[in-house]
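# Analysis of the macromolecular model
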Amino acid sequence: MAAEANTDTAGASAPLKTPLHARHVALGARMVPFAGYDMPVQYPAGILTEHNWTREKAGLFDVSHMGQCFLIGPDHETTAKALEALIPADIVNLAPGKQRYSQLLNEEGGILDDLMVTRSIDPDEDGALYLVVNAACKDADYAHIEARLPANVKLVKAEHRGLIALQGPGAEAALAKIAPEAAEMGFMSSRTMKVAGIKANISRSGYTGEDGYEISAAANKIGEIWDTLLLDGTVKPIGLGARDSLRLEAGLCLYGHDIDTTTSPIEAALNWSIQKRRREEGGFPGAARVQRELAEGVSRIRVGLKPEGRAPAREGTEIATPGGEVIGVVTSGGFGPTLNGPCAMGYVAKAHSAPGTQLNLIVRGKPLPAVVATMPFVPNGYKR
Amino acid sequence: MAETRYTKDHEYIRIEGDTGTVGISDYAQGQLGDVVFVELPTVGKALAKGGEAAVVESVKAASEVYAPVSGEVVEVNGELEAAPGTVNEDPAGKGWFLKIRIKDAAELDALMGEAEYQDYVKSL
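Residues numbered from 1 in each chain as written. Chains lettered and ligands numbered in written order. Predicted model: local features only at pLDDT ≥ 70, side-chain atom pairs only at ≥ 80, totals over all residues.

Counting residues at the interface gives 21 residues for chain B and 19 residues for chain A. Counting only elements with at least two residues in the side of chain B that touches chain A, the list comes to β4 (35-39), β6 (52-58) and β7 (62-66) of chain B. Per-element tally for the side of chain B that touches chain A: the top contributor is β7 of chain B, with five residues. Of the residues contributing to the side of chain B that touches chain A, the split by class is ten nonpolar, three polar and eight charged. (Contact = placed C-beta atoms within 7 Å. Helix = DSSP H or I, 4+ residues; strand = E, 2+ residues; numbered from the N terminus. Nonpolar A, V, L, I, M, F, W, Y, C, P; charged D, E, K, R; others polar.)

All right, on to the sheet that holds strand β2 (residues 11-16) of chain B then. Residues and elements named next belong to chain B. Pairing is antiparallel across the open sheet formed by six strands, whose spatial order is β1-β2-β3-β9-β8-β5. Taken across any chain shown, the strands that pair with only one partner, and hence form the sheet edges, are β1 (3-6) and β5 (46-47). When β1 meets β2, the two strands line up antiparallel, connected through four bridges. Bridging from a neighbouring strand, Arg5 pairs with Ile13 of β2. (Pairing = 2+ DSSP bridges.)

For a regular strand, the rule is simple: side chains alternate between the two faces of the sheet. Among the nine residues of strand β18 (residues 341-349) of chain A, seven are classified as buried, and the element is accordingly described as predominantly covered. Taking the residues between adjacent antiparallel strands as the criterion, strand β17 (residues 326-336) of chain A and β18 of chain A are bridged by four residues, where Asn340 of chain A takes a positive phi near 55°. (Buried ≥ 20, exposed ≤ 12 C-beta atoms within 10 Å, placed from the backbone.)

Residue and element names in this part refer to chain B. The element strand β9 (residues 98-102) is extensively covered by neighbouring structure, given that four of its five residues are classed as buried. Bridge count between strand β3 (residues 19-24) and β9: four bridges; the pairing is antiparallel. Each bridged residue has a counterpart across the sheet, and for Thr21 the counterpart in β9 is Lys99. Bridging between strand β8 (residues 71-76) and β9 involves five bridges; their strand directions are antiparallel. By the bridge assignment, Val73 is partnered in β9 with Ile100.

And the structure:
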């Protein structure tokens, strides 16, 4: 028996450890290299159990490997405009205490990384934006951003912070026991509050399709929050394996797989993340391509794919018409535990992208029937 | 009693006369994690020792299962289609993959016996 090569080359040197590393080892996690870090892919419960637990109760994830930083300028408009020069989202009109999903674009409109942008609710912090970027991209992102900021806006890395995510229908009840204000928050909002007595920045968002929170706190304190949450019988630790199956069912992109420098946000079907003002005004890298694709359409687009059988179609699987013409490729695919069947996403020629279109996925040389499906594959549980 | 022999790739073959039942070891299922799909060969297919016999997929990845010896597939475990998790629950029993008519019994000699395999797993 031999597993397919699934090597992570980002961590060629000794892997980094998050502030929670020793806790993962003590919990019996299987540790793997990921984006330069030694991370838990699963705990003894296993990926299926962890996935289902998150959908039914509350899963706790260590995402401290992700890049946290602040952009700090003299006032909101100045900082927002500096960031808007790099991303296509409307940040100037982002209300205090709100966050948005966006992408760092290159001059060709390709995606350098995707990120979350949060405006502090605290008037004393006006002019500060909090960014969370992907672990594998963070050094390149910081260099890219810093090189393009005006003199009066600074990037400050928050390397002294840890980040955990509490996700699932039980997340609100579990967090409210140690941070009552968290229950009042709406989806994609952010606040600063004490969690188990520790000062933390909380946002109501995540990467699973479920209701939930991301909690950022000092690296030397995040473990206390982690431990306190795990005392709750409804909360279990969840590894990167289930994080991937959860986000796939939720139809969420994984950078480096579903989006990269060759894909534009319009090809990636992320139009919703580009607000009207930015579409009209442009003024971000690659705006010409994005505006052209919005006006004229794209030649290929990211879609959901539901194989009709039981066999998963993995990343790299060719997508063909029933007649045998190859019209795309799978960028993420696997087994959806909540769906209880395989699901995938990938890019197909626009002419074959309508939901319900019959296609074949070429798995181990054999055409397996699949249908273009709307995403998410599993309805989301966001608290609107 | 039937003898079971193992490959370094963690397939087992339980020998019953001139046929052998092939599956993956308990160690292998533990390494794979939750099995969600098994692709089996067709009955009658000729397998070469070390050649691909089946595919087993966990949530994370697909893995090939190799034929421990050469021979013809005489039966496959159709139960795995509806219940692939049986590979995790009972790898040496109900989680078997296929039965093979052993072409050359001498090929079995190169495989590890139970004690040798357990030592091998401990060394990994």
